[in-house]
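Close look at the chain arrangement
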Amino acid sequence: MRRWLLLALLAVNVAHAADFDYQLAPRQIAADTWVVEGRNEDFAFANGGNIVNTAFIVTGAGVVVIDSGPSRAYGEQLRAAIARITEQPVVRVWNTHHHPDHFLGNQAFADAPVHALPQTIADMQQDGNAFTENMYRLNGDAMAGTEMRLPQHAANAGTETLGSHRLTLIALSGHSAADLAIFDHSTGVLFASDLLFHRRAPTTPHADLRHWLASLDVLDGLNARVIVPGHGPVSDNAEPIRQTRAWLTWLSATFTRGAQNGLDMNELTDTVLPAEHAAMAEARAEFVRSIAHLYPQFELDVLERR
Amino acid sequence: MIRTLRWLVLCCAAPAMAASPTADPLDSARWEDMRRSFFPDAEVRFDTRIEVRGPLTAENPMAVPVSIDTTALPDVREVLVFADFNPIVKVLTFTPGKAASRLSFRLKLQQSSPIRAAARTADGVWHVGGVWVNTTGGGCTVPSTGSASPEWQQRLGEVNGRIWTRKDGNRVRVRIIHPMDTGLAASIPAFYIETLDIDDADGASLMRIHAFEPVSENPLFTLDLPPGLDALSRIKVRGRDNNGNQIDAWVER
Ligand SMILES: [Zn+2]
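To keep things clear, this report deals only with the structure shown in the data block. (Residues numbered from 1 in each chain as written. Chains lettered and ligands numbered in written order. Predicted model: local features only at pLDDT ≥ 70, side-chain atom pairs only at ≥ 80, totals over all residues. Heavy atoms only, no water.)

Listed as interface residues are 24 residues of chain A and, on the opposing side, 24 residues of chain B. Both faces combined, the contact of chain A with chain B buries some 2,100 Å², and carbon together with sulfur accounts for 45% of it. Looking at the side of chain A facing chain B, the largest losses of area belong to A:Asn266, A:Leu303 and A:Arg305, adding up to 30% of the total buried there. For the pair chain A and chain B, the number of links is ten salt bridges. In this structure, B:Arg155 and A:Glu304 form a salt bridge, with 2.9 Å as the shortest nitrogen-oxygen distance. Across the chain A-chain B interface, the total number found is 20 residue pairs in polar contact (both at pLDDT 80 or more). (Contact = heavy atoms within 4.5 Å. Buried area = accessible area lost by both parts, 1.4 Å probe. Salt bridge = Lys/Arg side-chain N within 4 Å of Asp/Glu carboxyl O. Polar contact = N/O pair within 3.5 Å; in protein donor to acceptor, adjacent residues only side chain to side chain.)

Written as structure tokens, this is what we have:
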């Protein structure tokens, strides 16, 4: 850990000229609303960790940013991209949850208040340094100079108006212990955080499938006009909800059946993915990871006859 | 065979058996040390009939799923499982009784390493197979969650299990509540199950397992009986840990 921090500090001084170029290209998806879509891949040196969607709203009373990306360089380039679109200052950053690709760009927003759900902040405190170290390993030089910077403010669920945008913050869970979804009533855009994956298999390292499925029902009830998933393309229909629900339901059924039939993890790995799920990016890799994350609890339920 | 082939395709780190039965197909710098310490005087052969399955990358280094199958080899008397680069190399040994020579369980992996199974046949020859598993590590020096929780003390040694009838014979899964501390985490001494006897209702041995520190917390063992044997009604699980705590329980169907 210390070694990485030292490297990181050194890199701050020398690396700016050679920062990884994320080529961020914000795309307008609704009035005042922009999304920077990441690649539908896993973390890699080649993508610098940019597999995530970030977004911002130019509210008229300042810019609000939803997730800051996987690294210092990403955060700085996101900020520069915002500045090319508007002169309004960044007045708020939300980190939707505690996964590193959503908040390691916080350094670039040192002068703006960063908000997250209380549980998210607590989980960042617990896991953040290990995540950061892991991101250096997975994404290489693109991470140069990146250090965790915690949100300073606890986000409260509820509705507030910023400029011409009425935003509802919805505190949910299931992808992680605390997932913040943001619904913009003014545009009908839903920023779903990693509660939604689109054409990309969901990740589950901190998932609770039952809570996650319940959260999907809440998102469905919003009847959003545009959906910004945490990963995968923006959608003008409910397809990301349908896909995520179908994947999680299938995962749960597969693990339940496997545990009831007494299968061990390596046998479960042989499962043939239904075509619909196999077509999602990273499907097999995420399925195998989800076995490690989630299957032991399904096994216990059977072995302890619950 | 289909299973083996598929695994070889899936896992490019397991090359097909080398032409020479004495050259390590996993090309591990530690192999000579392994050979000297485990098989100083015995004949050792790399043998593709020894199937070791594990993930290409360990998502959870505290619980890396490993499946050993030596049933393609006749007359196996004992199987030794070890991981070349683990701080504690020896993982477990098992002696198949009425059960097939096949065992699945989970182990802690500190760094990327071959995981190997060596099966000793009646002629005294050790047949070795294995697979590389990559990990970011930390599996052996992280305290068990059990050590940090007061709950396990009441449940220490508790056994849960099930028996299944499958078309290729009975399957048994047994899980014992135990922290399985390696002694490598700061100020937590080694505390692990040493022996486990899994017997049928008449006292005949299905399998005897000698476990060591790298076996995962709350170990879960999966074993199979060959086809053709009577359905098991229930099984007896007996054992003890290195502090002398006894394990003694029936597992019902
Ligand atoms: Zn996430």
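On to unusual backbone geometry, then. Positive phi is not limited to glycine here, since A:Asn223 has a value of about 50°. Counting through the fold element by element, A:Asn223 comes out in the loop between helix H4 (209-220) and strand E12 (226-228). With relative accessibility at 64%, the residue A:Asn223 sits in the exposed group. Unusually for a residue other than glycine, B:Asp75 sits at a positive phi of about 70°. The topology assignment puts B:Asp75 in the loop between strand E3 (64-69) and strand E4 (76-83). (Helix = DSSP H or I, 4+ residues; strand = E, 2+ residues; numbered from the N terminus. Buried < 20%, exposed > 50% of the residue type's maximum accessible area, 1.4 Å probe, protein only.)

Our focus in this paragraph is the coordination of the zinc ion. Residues and elements named next belong to chain A. At this site the zinc ion is bound by His97 (NE2), His99 (ND1), His175 (NE2) and Asp194 (OD), with donor distances of 2.1 to 2.2 Å. Of note is the zinc ion, whose four donor atoms meet at the metal with angles of 89 to 169° in an arrangement that counts as irregular. The sequence pattern describing where the donors of the zinc ion fall on their chain is H-x1-H-x75-H-x18-D. Of this pair, His175 sits in the loop between strand E9 (165-172) and strand E10 (179-184) while Asp194 sits in the loop between strand E11 (189-191) and H4, and the two are 19 residues apart along the sequence. (Donors = N, O, S within 2.8 Å, 3.2 Å for Na, K, Ca; no water. Tetrahedral: all angles 85-135°; square planar, octahedral: opposite > 155°, others 65-115°.)

All right, on to the packing of aromatic side chains then. Residues and elements named next belong to chain A. Considering all chains together, one arrives at 17 aromatic pairs over all chains under this definition. Aromatic side chains Phe255 and Phe287 sit 6.1 Å apart centroid to centroid with 35° between the ring planes, which places their arrangement in the tilted category. Residue Phe255 is found in helix H5 (residues 239-260), and its partner Phe287 is found in helix H8 (residues 283-303); the two are separated by 32 residues along the sequence. Phe287 carries the same exposure label as Phe255, and that label is buried. (Phe/Tyr/Trp six-rings, centres within 6.5 Å; stacked < 30°, edge-to-face > 60°.)

Bringing the packing of H4(A) against H5(A) into the picture now. All names here are of chain A. For the pair H4 and H5, interaxial distance at closest approach is 10 Å and the crossing angle is 160°. When the interaxial angle is binned, H4 and H5 end up roughly antiparallel. Viewed along their axes, H4 and H5 form a crossing whose handedness is left-handed. Where H4 approaches H5, its residues Leu209, Trp212, Leu213, Leu216, Asp217, Leu219 and Asp220 are matched on the opposing element by Ile241, Thr244, Arg245, Leu248, Thr249 and Ser252. Taken together, the residues that form the contact of H4 with H5 break down as seven nonpolar, three polar and three charged. (Axes fitted to C-alpha atoms, helices over the stretch in contact; angles between N-to-C directions. Parallel < 35°, antiparallel > 145°, perpendicular 65-115°, else oblique. Left-handed = near helix turned anticlockwise from the far one by under 90°. Nonpolar A, V, L, I, M, F, W, Y, C, P; charged D, E, K, R; others polar.)

Once that is clear, we can look at empty space enclosed by the protein. Where empty space is left can be seen by rolling a probe of water-molecule size over the atoms. This model, assessed by the stated rule, comprises four cavities of 30 Å³ or more. When grouped by side-chain class, the residues that make up the lining of the largest cavity number six nonpolar, five polar and one charged. (1 Å grid on protein atoms, 1.4 Å probe; cavity = no way out; pocket = protein on both sides within 12 Å on 5 of 7 lines; lining within 4 Å. Points joined across faces, edges and corners; volume = space filled by probe spheres on them.)

Across all of its chains, the model carries 44 salt bridges over all chains by this definition. Where B:Arg53 meets A:Asp270, a salt bridge forms, and the shortest distance between an N and an O atom there is 3.0 Å. With one member in each of two chains, B:Arg53 in strand E2 (residues 51-53) and A:Asp270 in the loop between helix H6 (265-268) and helix H7 (275-278) form a pair that bridges those chains. As a salt-bridge pair, A:Glu286 and A:Arg289 come within 2.7 Å of each other at their nearest N and O atoms. Taken together, the residues span about one helical turn, with A:Glu286 and A:Arg289 both in helix H8 at a distance of three residues. Take A:Arg289: its relative accessible area is 22%, and that puts it in the partly exposed class.

Pairing in this open sheet of six strands is antiparallel, and the strands run E2-E3-E6-E13-E10-E9 (chain B) from one edge to the other. Since the sheet does not close on itself, it has two edges, and those belong to E2 and strand E9 (159-166) of chain B, each with one partner. For this sheet, the mean angle separating the axes of adjacent strands, direction not counted, is 15°. As judged from the eight bridges shared by E9(B) and strand E10 (residues 169-176) of chain B, these two strands associate in the antiparallel manner. Bridging across to E10(B), B:Val159 finds its partner in B:Ile176. Where H8(A) meets the sheet, its contacts fall on strand E6 (102-107), E9, E10 and strand E13 (220-224) of chain B, and the angle it forms with E9(B) comes to roughly 85°. (Pairing = 2+ DSSP bridges.)

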